[in-house]
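Examination of the molecular architecture
These are the residues of each chain, in order.
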Amino acid sequence: MHATDPLLQPFTLKNLTLRNRIVSTSHEPAYAEGGMPTDRYRAYHVERARGGTGLLMIGGSAVVSPDSPPAFGNLLLYRDEVSGWIRKLTDEVHDAGAAVMCQITHLGRRTSNYTGDWLPVLYPSHQREPAHRAFPKVAEPWDLRRVVSDYAGAALRCKEAGLDGIEIQSYGHFLDAFLSPATNDRQDVWGGSHEHRMAFPRAVIQAVRAAVGPDFIVGIRMSMDEDRADGLRQDEALEALQHYIADGIDFLSVIKGTIDSDATLSRVIPSMGTPSAPFLDFAGAIKREIDIPVMHASRIADVSTARHAIGAGLLDLVGMTRAQIADPQLVAKLAAGQEDRIRPCVGANYCLDSIYASGDAKCIHNPATGRELQLPHTIVSGGAARKKAMVIGAGPAGLECARVLAERGHAVVLFEAGDAPGGQVLIAASSPRRRDLIGIIDWRVSEAKLAGADLRYGVYADREMVLAENPDVVVVATGGTPNRSFLAAGEDLVADSWDVLGQLSKMPSTALVYDDNGAEPGMDATERLALAGTRVELVTPERTVAPDVGSMNSPGYLRAFSEHDVTITLAHRLVSVMPAAHGQFSAELRSDYSGQVMTRTVDLVVVEHGNLPNAELYFELLADSANAGEVDYQALLAGEPQPVDPEASGKFQLFRVGDAVASRNIHAAIYDAFRLCLPM
């Protein structure tokens, strides 16, 4: 396969030979500590090197100056102590056979005035960035001299730490802001004509090249068309790039668009429900115009698309970054002829949104990502005595239990009351934009079966059935059901998100969707109704819409809401629902702030208030179990098996996971299952 697969062919970049064409491009998982790539950060990247990738880019937006404070856990390249940490990471990556480079940047306005050392953020103009909301200081000549020197110093630290090269970031940050006519309104020697707008980026590149010498690899990740009426055009970008190449740039990583708002960022880094590899042909067109190697990454999530990108000559190197967040063993599996076993990236962009929601990157369905120091990506069989394990429920938590227990070598049988696996993911994936979520289920079904798990559908498990199986371990993963109980009146008059996404026979003319969950289900229900022609009002008690839906996923919903005139009402709580004339319903809303009450009369009221655990079977089994459902948290967090009472002979251990415990998200359900079952 190595001999014929374009992805597995070596490639020479200047004086560096890469073992294959697959790259983990620059991104920032926010695993640093104090701006340093310490043990967790290193383990994350080393895992990808061991998984076979050809080139790793660390330090997504690693900052070169103190007035470029971290916006999302960025490395601090202006501190001398970073060199030792980078050296340790570099050595381990090299030992694993991969090359490694670091992206360097000055964030400009793409950060906050109210973090780090509280220095004013810097920009060519006064323009505020919508995403990070900082009003910048206009850079003075002494600022520019200092920043040029900082770039050179950071590049030299990277070289001295043993890195194979660096990549200069040039889209949405300080450097490219000079080049773009949309963000550079200066009237001095750094603005105006295209030549003047190129002057500062060229000064940086020239200083970097002088600092690191002629042999060190220096690339650029650059927007080659900002895709906005007043922005940088392709012809201007190409002209600038030719000058940059003359100044010392060795490779290009192609970007199309810019990232100054949630809407534009979501186009540069597309989520699920969008076309695969939307800018691949654009990158290929750029490649035909230049004489340096080209790489590109934007929703190239599957091996077939990546193979086409290389095989058709569109790229020299292909970025599969989110794909390797989902499965860092992607290249190793490909090389071993196990392409069908690669854990798929479903494009949920939870990896990016979770940085802002919880402080660091997480894959929606790989709990080991970012937890490499505690959890393995590859499960090793054997060790403990073989047990008979019974799993109830084939949602993401139940399937993960079945997969992990079977891979550990246990005899696993799973019972699912429905006629197909998936649980709530089936409901979520019924939205056309979120259909790729089903990959979370399909992969687990395939892997569980391959490991020997017996999956039985259309079987409603009860206490007698469980006892008849005589299991050693029972895991209840029966999920939850929509919670309507919060209403003072009218619980039986309302629909819920599940109804809208799967069971409504006729869409109403008017509807009120009350979302007191703040995640995707309420937004999915609103979108489904709006697309069907329903006049919808979305009501939330929050001060913003869906606070748990991050900036990468909210644009799709907000675009649909705008196109279909969805009315949004903030800071009001649904109190009760009563029958009204002509088969309609009257919804009473109250402001938590003023106490004011108002009513809406609509054809349908939909509520989204999370789920209540569907745990009846669990409670029925408590008395039959050895542990009465108790989880030893100390053992769980230490990665140790749950203790077994030696006096409880003949009894099974009983646990519950996922929404059968509490209403949470997909990642939480899978993480529950993985860390519980892994040590068994």
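Nothing here was measured: the structure is a model prediction, and the numbers come from that model.

Reading the values: rules and limits
- Residues numbered from 1 in each chain as written.
- Predicted model: local features only at pLDDT ≥ 70, side-chain atom pairs only at ≥ 80, totals over all residues.
- Heavy atoms only, no water.
- Helix = DSSP H or I, 4+ residues; strand = E, 2+ residues; numbered from the N terminus.
- Buried < 20%, exposed > 50% of the residue type's maximum accessible area, 1.4 Å probe, protein only.
- Disulfide = S-S within 2.5 Å.
- Pairing = 2+ DSSP bridges.
- Patch = residues over 30% accessible without salt bridge, like charges linked within 9 Å, V, L, I, M, F, W, Y side chains within 5 Å.
- Areas by Shrake-Rupley, 256 points an atom, 1.4 Å probe, with all protein chains shown as cover.
- Salt bridge = Lys/Arg side-chain N within 4 Å of Asp/Glu carboxyl O.
- Core = buried A, V, L, I, M, F, W, Y, C linked by side-chain atoms within 4.5 Å.
- Contact = heavy atoms within 4.5 Å.
- UniProt positions renumbered as here; feature names shortened; annotations may be inferred.

This part covers unusual backbone geometry. Although it is not a glycine, asparagine 349 adopts a positive phi angle of roughly 60°. Among the secondary structure elements, asparagine 349 is positioned in the loop between helix H11 (330-335) and helix H12 (350-358). Relative accessible area serves as the criterion here: at 2%, asparagine 349 is assigned to the buried category. Its identity is not glycine, yet aspartate 565 carries a phi of approximately 55°, on the positive side. By the element assignment, aspartate 565 lies in the loop between helix H19 (554-563) and strand E21 (567-569). Among the residues examined, aspartate 565 registers a relative accessible area of 63% and is labelled exposed.

On inspection of all chains with the given rule, the structure shows zero disulfides. Here cysteine 351 is not disulfide-linked; the sulfur of cysteine 345 is the nearest cysteine sulfur, at 6.5 Å. On the basis of relative accessible area, cysteine 351 is assigned to the buried category, the value being 9%. Considering cysteine sulfurs only, cysteine 345 is the nearest to cysteine 363, which forms no disulfide, with 7.1 Å between them. The class of cysteine 363 is buried, set by a relative accessible area of 6%.

Next up on the list: the sheet that holds E21. Taken in spatial order, the five strands line up as E18-E25-E19-E20-E21 in an open sheet, and their pairing is parallel. If you trace the sheet from one side to the other, it starts and ends with strand E18 (495-496) and E21, each paired once.

This next bit is on a nonpolar patch on the surface. Among the surface-exposed residues, Leu558, Ile568 and Leu570 lie close enough to one another that they form a single nonpolar patch of about 220 Å² accessible area. With relative accessibility at 36%, the residue leucine 570 sits in the partly exposed group.

Here the focus is the nonpolar core. In this structure, Ile168, Met222, Met224, Leu252, Leu315 and Val318 are the most contacted members of the largest nonpolar core, which totals 101 residues. When residues of this core are assigned to their parent elements, the largest contribution, eight residues, is made by helix H3 (residues 141-160). Once residues within four sequence positions are removed from consideration, valine 318 is found in contact with Leu7, Arg21, Ile22, Val23, His296, Ile300, Ala306, Ala309 and Ile310. Judged by nonpolar contacts, the second largest core, of 45 residues, contains Ile364, Leu414, Ala448 and Tyr671.

Let us look at the UniProt feature "domain: NADH:flavin oxidoreductase/NADH oxidase N-terminal" (unreviewed entry) in the chain. When the UniProt feature table is mapped onto this chain numbering, "domain: NADH:flavin oxidoreductase/NADH oxidase N-terminal" (unreviewed entry) sits at residues 7-340. Counting secondary structure, residues 7-340 comes out at 36% helix and 16% strand; the distance between its end C-alpha atoms is 16 Å.

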